[in-house]
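In case you want the letters, here they are:
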Amino acid sequence: MPTSFIILFKRLFTSFIVLIGVSMLIFTIARIIPGDPARIALGPNATLEAVANLRANLHLDESIIVQYGYFIWNLLHGDLGISLYTNRPVLLDIGQFLPATLELVFVAGFIMVAIGLPLGAIAARYRGKFIDHVIRILSLLGVSAPSFVWAVILMLMFAFYLPIFPIAGRITDSYTIQAVTGFLLLDTLIAGEYRAFGDAFWHLILPAFALALSGIGQAARLTRANMIETYDKPYIEMAQSYGFSEKRIASKFAFKPSLIPSMTIIGLDFAAMLGNAFLVEAVFAWPGLSRYGVAVILRKDLNAIVGTVLVISATFLIVNIIVDLLIAFINPRIRFSTRRS
Amino acid sequence: MNQPTLNIENLQLGFKSHVGMSKVLHGISLNIRKGERVALVGESGSGKSVTARIILGLLQTLPTARISGVLEFEGRDLTKLSAKQRHALRGTEMSMIFQDPTSALNPVYTIAVQFTEVLRRRQPKLKKLLAFEQAAAALRQVAIDEPERVLNSYSFQLSGGMNQRVMIAMALINNPTLLIADEPGTALDVSVQAQTLDLMHKLVQEHQTSVLFISHNLGVVRDFADRVYVIYKGRIVEEGATQLLFSNPQHPYTQALMSAVPRITGGGIPNIPDVSDRYSDPAYIHPASGGEL
Ligand SMILES: Nc1ncnc2c1ncn2[C@@H]1O[C@H](COP(=O)(O)OP(=O)(O)OP(=O)(O)O)[C@@H](O)[C@H]1O
Ligand SMILES: [Mg+2]
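Below is a summary of the structure that appears in this document. (Residues numbered from 1 in each chain as written. Chains lettered and ligands numbered in written order. Predicted model: local features only at pLDDT ≥ 70, side-chain atom pairs only at ≥ 80, totals over all residues. Heavy atoms only, no water.)

Observations concerning the overall build of chain B
Looking only at helices and strands, one finds 11 helices and 11 strands in chain B. Taken over the C-alpha trace, chain B has a radius of gyration of 19 Å; the compact-globule value for 293 residues is 19 Å, and the two agree within 12%. C-alpha extents for chain B along the principal axes are approximately 60 × 45 × 45 Å. When contacts within chain B are restricted to residue pairs at least 6 apart in sequence, long-range pairs at least 24 apart make up 68% of them. By element, 52% of the accessible surface of chain B is carried by carbon and sulfur atoms, the whole surface being about 12500 Å². Put simply, chain B has 29 plus and 26 minus side-chain charges, and the middle of one group is 8 Å from the middle of the other. (Helix = DSSP H or I, 4+ residues; strand = E, 2+ residues; numbered from the N terminus. Rg over C-alpha atoms; globule rule 2.2 N^0.38 Å. Contact = heavy atoms within 4.5 Å. Areas by Shrake-Rupley, 256 points an atom, 1.4 Å probe, with all protein chains shown as cover. Lys, Arg positive; Asp, Glu negative; His and termini not counted. Charge placed at Lys NZ, Arg CZ, Asp CG, Glu CD.)

If you want it as structure tokens, here you go:
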């Protein structure tokens, strides 16, 4: 489908421009906030000379434009610099922490779509009936609290008072799983450790639901509203007068057209999860990018700050592109923007 | 066995709301014989579409609708059928053509997908490939030269006239006994509308399909229908063979209508100002119409 390629190409190009902008911005901001990174890294007992040496090594005495030039030059060589906090390449650090965050966000996103859309469709089909009211109240509840509040509530209810789920972490410490993809759900399967898979899955449930709940509510409400609007369309009256079954109409002929307007918002919700994940990770001591991000900001670890922000922005943009492609995929009007006949 | 395809007697309809009942149909009677093309004409809001929706059994599912009267389809009492039995008639024995073909087709599924769904009403196990072939054959019947291309298109990729042909083919593909056409093609331009109506005329004649033709447009009705009912504010005011009714309208409302229409371009029905209380005179039934059994 050539139109999809054009969309992809355009979006990749604008994303690239956005990333350049973001890099400039975060590069400047990281350097404006007070504190001398070299001094913080070496500690209060280091000699003035040692601090001066480190500053020179990091090109901190040059103008910010020259510094940015060095940064871009290294970036083009796949190098985000060394973290002063971990003394390892920033890229290596991110490679270690990002998958945990992504795993959480992907599972939460999946839960949002897999539960929110059907709930909305069911509520619309049984509009005004008991089940509709139940779903509407539940979804209102979902959107009424931010995810870190849900994280605390779920943790208290299902890990503390009713100790069904683990209270923190990604997996029980006794398992050692070789990191291949960094996604524990995949790595455990690759290693053939099915008990470890179950354990990792069990750890994921509370944080993923905490992250997904408001999205579920949002998706259900949107889908319901769009479905109800769609039910007034002539093509639904047509489907009814041709005797298409109510089930087929609810799950197909009214569902797909309603999905199109919902998708954009659901995509935005999904991307917003990347940000919300930081707080949920903090509550559940999830070893994701948030812990690393907070630590490097407190230490004014310039390379790590810039690297973390850039990677998160890139992930955000990629998610957006994927959502746009999905929208093009379900909406033939975008796929075939030319009129035949 | 001169059983009518459709027989309606004293059909009443009201909508309940929190302010009370609003009556929409005040006891209309109407019948259509096998292979007969009957028009129902009247101004906007007179109750044409609700009549169609009652015949299809769609309005019966609306909790606010209060319906009474005789409704017989091929001698079967529709009011005694269960919701499921009524559902079984839709898309098989009865089908429908809508005012705006482009918006009556689903914008996110190809024509082929929708045809397959319609065909499966009669042949539930029908394979996709066979459905495609049957649909293509039906499209050739409505003078579409490249049915494969049309079947693989979406409604927004086709012209209004093309969509109208698709709708006609879809409505007739299961060989229904009764076709209801609610202002078919009013949304199309006049020449395209005339063309597609000719096609429809030819096909229903071939298949001996009974048609309830709902329209605003007296010119079109005159060409298409064997017999005409004039409806005014939920009451039938005149009924008769097309020729007779047009040449010799008897009811004051019909007369006002006929004398008003020539002034309106396109022959659409104007809303006649409610000047005469004679508009609520009892219905005039032309004797030669043969409408009574
Ligand atoms: N679901 C409903 N609830 C309440 N009133 C309704 C409903 N459907 C139709 N009506 C009313 O019934 C009357 C007849 O409507 P109907 O759609 O049959 O008119 P029509 O003759 O088809 O007009 P038009 O030529 O504009 O299509 C109108 O006054 C309309 O407001
Ligand atoms: Mg109407």
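Points about the environment of Thr-110 of chain B
Residues and elements named next belong to chain B. Here Thr-110 shows up in the loop between helix H3 (101-104) and helix H4 (111-122). Along the primary structure Thr-110 and Ile-54 are separated by 56 residues, whereas in three dimensions their C-alpha atoms are 29 Å apart. The residues contacting Thr-110, other than those within four sequence positions of it, are Leu-151, Asn-152, Ser-153 and Tyr-154.

Looking at the pattern of salt bridges
Here the structure, examined in full by the defined rule, presents 16 salt bridges over all chains. Its salt-bridge partner being Glu-103 of chain A, residue Arg-170 of chain A comes within 2.6 Å of it at the nearest N-O pair. Placement of the pair is Arg-170 of chain A in the loop between helix H7 (147-161) and helix H8 (184-190) and Glu-103 of chain A in helix H5 (residues 90-125), with a sequence separation of 67 residues. The two residues Arg-170 of chain A and Glu-103 of chain A agree in class, both being buried. One salt bridge connects Glu-36 of chain B with Arg-227 of chain B, and the closest N-O pair in it is separated by 2.6 Å. Taken together, the positions of Glu-36 of chain B in the loop between strand S2 (20-32) and strand S3 (37-41) and Arg-227 of chain B in strand S9 (residues 227-232) put the pair 191 residues apart, joining distant regions of the chain. Assigned by exposure class, Glu-36 of chain B and Arg-227 of chain B land together as buried. Salt bridges sharing common partners tie together Arg-33, Glu-36, Arg-227 and Glu-239 of chain B. (Salt bridge = Lys/Arg side-chain N within 4 Å of Asp/Glu carboxyl O. Buried < 20%, exposed > 50% of the residue type's maximum accessible area, 1.4 Å probe, protein only.)

A word on the site of ligand 1
Residues and elements named next belong to chain B. Among the 13 residues in the neighbourhood of ligand 1, the closest are listed as Ser-44, Gly-45, Lys-48, Ser-49 and Val-50. Ser-46 is positioned such that a nitrogen or oxygen atom in its backbone is 3.3 Å from an oxygen atom of ligand 1. Expressed as a share of its isolated accessible area of 640 Å², the protein-covered part of ligand 1 is 60%. Partitioning the shell around ligand 1 into residue classes produces four nonpolar, six polar and three charged. (Near = heavy atom within 4 Å. Polar contact = N/O pair within 3.5 Å; in protein donor to acceptor, adjacent residues only side chain to side chain. Nonpolar A, V, L, I, M, F, W, Y, C, P; charged D, E, K, R; others polar.)

Some thoughts on the environment of Gln-134 of chain B
All names here are of chain B. Among the secondary structure elements, Gln-134 is positioned in helix H5 (residues 128-141). Overall, Gln-134 belongs to the partly exposed group, its relative accessible area being 28%. Once residues within four sequence positions are removed from consideration, Gln-134 is found in contact with Leu-119, Gln-123, Leu-126 and Ile-173.

With respect to the interface of chain B and chain A
The partner chain A presents 25 residues to the 33 residues of chain B that form the contact. For the pair chain B and chain A, the summed buried surface comes to about 2800 Å²; carbon and sulfur atoms form 59% of the total. Area buried by chain B at its contact with chain A is led by Glu-117, Phe-156 and Gln-157 of chain B, which between them contribute 23% of it. Here chain B and chain A share two salt bridges between them. With its nearest N and O atoms 3.1 Å apart, the salt bridge here joins Arg-53 of chain B to Glu-237 of chain A. (Buried area = accessible area lost by both parts, 1.4 Å probe.)

Section: the nonpolar core
Core analysis: the biggest nonpolar cluster contains 168 residues, and Met-200 and Phe-213 of chain B have the highest contact counts within it. When residues no more than four places from it in sequence are discounted, the contact partners of Phe-213 of chain B are Val-38, Ala-39, Leu-40, Ala-181, Pro-184, Leu-197, Met-200, Val-220, Val-221 and Phe-224 of chain B. (Core = buried A, V, L, I, M, F, W, Y, C linked by side-chain atoms within 4.5 Å.)

Comments concerning the side chain of Ser-258 of chain A
Within the secondary structure, Ser-258 of chain A sits in helix H12 (residues 255-283). Judged by relative accessible area, which is 1%, Ser-258 of chain A ranks as buried.

Treat this as a map of the structure, not an account of what it does.
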